[in-house]
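Residue-level structure breakdown
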Amino acid sequence: MTTFVHNDLDVSAAHVVASGQPLYPAVERTSAVSAIANHANTSPATTEQREAIFADPGFGRYFSDNVVRAVWTKADGWHQAELVAGSASAGGLGINALHYGQSIFEGLKAYRQADGGIYTFRPEANALRFQRSAHRLALPPVPTDLFIGAIEALVRQDQAWVPTDPDQSLYLRPLEFGSEDALGVRPSTHVTFVLMASPVGAYFPQGVKPVSVWLSDEYVRAAPGGTGEAKCAGNYASSLIAQAEASDNGCDQVVWIDAIERKYIEEMGGMNMFFVYGSGSSARLVTPRLTGTLLPGVTRDSILTLARDLGYQAEEGTITVDQWREGCASGEITETFACGTAAVITPVGRVDSKNSGAWNIADGGSGEITMKLRSALVDIQTGKAPDNHNWMHRIV
Ligand SMILES: Cc1ncc(COP(=O)(O)O)c(C=O)c1O
């Protein structure tokens, strides 16, 4: 049996955005769960099988030997926390998540550093965002100690699945869904939490190469009062048609515009965006403000901090499609990049659209500040640079 005791995390100060509002307000610890029972896979993959996967892991194609799962019911709260082999399936075809989309998830990575230690990056921020997503989808929040305890238990058990190549990592996927096997549009009375892990290489296999983006004029990702700031399954289902439209128009990714005025830039696919004004030490970075329709990215929040550490002005603001196009034409906007856990930082080189024109960002290449910020963040995650903000959480 693996007990999971996690020290109290002071998350209140670490996630305060410029407006002074906590980005990830803490919720009460309600967990009665004090241990994750270890029923690990008795026939895990062999070293040879893992090495064959590490040779070309792709993204999310393979899973480690085990998962952690726990169940919530009204009567018992969170219970039956256990580390078990293989499949994460729960419930039959009637489950609420399948019919009504009561399902949320998270994404973070475990990194193996040169000293052999295995770390995750700001897991408490993901725990708190998971709780906020749960609230919006009328799901019971997974307590922080269960969330982080599950990560610790699974990464410890499946540590051989954390690649040694610094360009690879073990992607961790917490998932929570309504698992009551009964029809009816109401919050599920039986809920399952699962943590699974997948060894991954680069999210964009072509490497750090600027992407082209398609402005989505027709489809909207999120509207005020909707679920835009929750990491819920439905947001991704409804994004697929716009991503397909982007591909049909020869673009790598879709850029979302606000639902009301149809002019403010919000996000790129599953990543937040930054716009760089000017260059050198006087450069200023702007990222779209969190209006309730954007996902509050952990990477976005970290880049606001790192950019200031590097001496740049970095702020939340607004930018319209016209300002983006005209800023690039005048040379005022020198770089644009997107950021998120999966791909870290990706330069944006070109924009295309049906109604708003097409243009390059500077020469369409990877900007200097973009790449500097990318290295600053990756170096902390891989242990090459000091972790001045206590973002790394050691597991092994
Ligand atoms: C819609 C969306 N925006 C932004 C992000 C970036 O968030 P993070 O930096 O926490 O990975 C993600 C990924 O989780 C996402 O799905």
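Everything numeric in this text was worked out from a predicted model, so none of it was measured.

What counts and what doesn't
Residues numbered from 1 in each chain as written. Predicted model: local features only at pLDDT ≥ 70, side-chain atom pairs only at ≥ 80, totals over all residues. Domains from an automatic or database assignment. Contact = placed C-beta atoms within 7 Å. Helix = DSSP H or I, 4+ residues; strand = E, 2+ residues; numbered from the N terminus. Nonpolar A, V, L, I, M, F, W, Y, C, P; charged D, E, K, R; others polar. Core = buried A, V, L, I, M, F, W, Y, C linked by C-beta atoms within 7 Å. Buried ≥ 20, exposed ≤ 12 C-beta atoms within 10 Å, placed from the backbone. Axes fitted to C-alpha atoms, helices over the stretch in contact; angles between N-to-C directions. Parallel < 35°, antiparallel > 145°, perpendicular 65-115°, else oblique. Left-handed = near helix turned anticlockwise from the far one by under 90°.

1. What to know about the domain arrangement of the protein
Split into domains, the protein comes out as domain 1 (2-201) and domain 2 (211-381). A separation of 27 Å is found between the C-alpha centroids of domain 1 and domain 2. Facing the 23 residues of domain 1 at the interface are 15 residues of domain 2. Looking at the side of domain 1 that touches domain 2, the elements that each hand over two or more residues are β5 (103-105), β6 (108-112) and α3 (123-136). Of the residues forming the side of domain 1 that touches domain 2, the biggest block, six residues, is contributed by α3. Here the residues of the side of domain 1 that touches domain 2 are counted per class, giving 11 nonpolar, six polar and six charged.

2. Structural notes on the nonpolar core
Counting residues in each nonpolar core, the largest one holds 91 residues, and the members touching the most others are Ala150, Leu154, Leu195 and Val213. Broken down by element, the residue count for this core peaks at eight residues, all from helix α4 (residues 144-157). Two domains each donate at least three residues to this core, and these are domain 1 (2-201) and domain 2 (211-381). Leaving out residues up to four positions away in the same chain, Val213 has contacts with Cys251, Asp252, Gln253, Val254, Val255, Met268, Val348 and Val351.

3. Here we look at the packing of α3 against α4
Contact pair α3 / α4: the axes reach a minimum separation of 9 Å and the direction vectors enclose 130°. Accordingly, the angle class assigned to the pair α3 and α4 is oblique. Here α3 runs over α4; the crossing is right-handed. Contacts between α3 and α4 involve Pro123, Glu124, Ala127 and Phe130 from the first element and Thr144, Phe147, Ile148 and Ile151 from the second. Class assignment for the residues of the contact of α3 with α4 results in six nonpolar, one polar and one charged.

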